[in-house]
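Residues per chain, in single letters:
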Amino acid sequence: MKILHVTLSVSPRRGGPSEAILNLVRSLRAQGVDAEIATTNDNGADGSAPLEVPLYQPVDYDGVPVHFFPQSFPPIDRLALGKDRGFVFSASLTCWLWKHIRDYDVLNTHYLFSYPSTCAGAIARLQQVPYTMRVMGQLSPWALAQSRLKKQVYATLLERSNLNGAAGVHCTSAGEAQDVQSFGVQAPLITLPLGVNRIPVSSEAGHWLRHRYGIAPDTPIVLYLSRLHYKKRPDLLIQVLGQLAAQHHSFHLILAGSGEPEYTAYLEQLMTSLGLTDRATLTGFVAGLDKQLLLQGADLFVLPSYSENFGIAVAEAMMAGLPVIVTPEIQISPEVAAARAGLVVPGTSDALAAAIVTLLTTPGLGRAMGDRGRAYATRTYAWDEIAHRLAETYGAIVESRHLWCPS
């Protein structure tokens, strides 16, 4: 069984989505599935130079076979339907897909309103190759409200036909499945969470994290680990912590992630205006052992996002044993609440402040939440089990094809 995954980017600067697709394909291959990725050399939404990778040939990228193609036509390269520069046009990827898509048993696209995935779905329909789609939160009410008119036109011309012609639409939470149904999608739904890698416990991580960033030994560390984007509301977190600093609460904020230069500069100015210069660190993009140290050494994790279809960073924090504070719009928030792994609060200043104060002043409660979160994540978000279930779905599509209902 040969599976092709198509996405706009696998750049680490795209955050959780890139990590998820690489881990997914790596896990599928461990299950004996011949899975590959076709993508562009995009290197993130913040205008970074393209990835320095070989083009037009399969290469080993982070242990996964990937076909990279260049973005093309500079005026179109950065066309965006929203503020995340997610269109990413590539003429060479189009030609390659048209020529090679029938070499694969099933196509799996990732993301909506993005050229590589939309193009791949349309070509699959034309050449009658069964395909599945992962919508990645793009059908949530908040996401659809961004650049609404453009998305309505795009959906009418292309994306709705792609969705209804899919052999299955992969939803990572019950909330996302509801969003897909509300959009009027008729294709079968595959509800299956994403996975996260296991994170080892380190009793020394807190010490080394404080040493690295010059934080006093007994100061609690509040971690934000995600893309710096207005959707995720790091500005709200900064404003709330400014209030708590004025009330003499002890903490140090670590903002880990990259974003558009203008927005990052705004966050820096906001921290300065609130007197948080000595109580906050903006690390920029982190990965690998640096990211692992943050997760192991922090005391609590906060993500007050407007919208998250799954929330990989939240699941990673749970896997690391951190208590989490999230908003209901993060679609694994019901799991956080059910597992008693953190606090789910409205995205208001007062509610967020109260939740942070609760965990800052009762560290024993936070540790208990973190332990329950780690146990839940270990049971629920293991990549091998998720890949096994997805491989079974691919097998059913290949063998019976009755799930495929082209429009």
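Here goes a summary of the coordinates provided. All values derive from a computational prediction rather than experimental measurement. (Residues numbered from 1 in each chain as written. Predicted model: local features only at pLDDT ≥ 70, side-chain atom pairs only at ≥ 80, totals over all residues. Heavy atoms only, no water.)

1. Describing the sheet that holds strand β4 (residues 64-69)
Moving on, step 1. Here 8 strands make up an open sheet; going across it, the order is β3-β4-β2-β1-β5-β6-β7-β8 and the pairing mixed. At either margin of the open sheet sits one strand with a lone partner, and together these are β3 (58-61) and β8 (189-191). Looking at each pair of strands side by side, their axes are set apart by 30° on average, direction ignored.
Moving on, step 2. The strands that helix α3 (residues 91-100) touches are β1 (2-6), β2 (34-40) and β4; relative to β4, the one it contacts most, it runs at about 120°.
Moving on, step 3. Across the face of the sheet, helix α6 (residues 148-164) comes into contact with β6 (131-134) and β7 (168-171) while running at roughly 115° to β6. (Pairing = 2+ DSSP bridges. Helix = DSSP H or I, 4+ residues; strand = E, 2+ residues; numbered from the N terminus. Axes fitted to C-alpha atoms, helices over the stretch in contact; angles between N-to-C directions. Contact = heavy atoms within 4.5 Å.)

2. Description of the environment of Met271
Moving on, step 1. Tracing the sequence through the fold places Met271 in helix α10 (residues 261-273).
Moving on, step 2. Taking the relative accessible area as the measure of exposure, Met271 reaches 7% and is therefore buried.
Moving on, step 3. On a C-alpha basis, the gap between Met271 and Asp235 in space is 8.9 Å, while along the polypeptide they are 36 residues apart.
Moving on, step 4. Among all residues touching Met271, those that are not within four sequence positions of it are Ile238, Leu255, Leu276, Thr277, Ala280 and Leu282. (Buried < 20%, exposed > 50% of the residue type's maximum accessible area, 1.4 Å probe, protein only.)

3. Details of helix α12 (residues 312-319)
Moving on, step 1. Most of α12 sits inside the fold, with 8 of its 8 residues counted as buried.
Moving on, step 2. The set of residues buried in α12 consists of Ile312, Ala313, Val314, Ala315, Glu316, Ala317, Met318 and Met319.
Moving on, step 3. Two residues or fewer past α12, Gly321 is found with a positive phi of approximately 85°.

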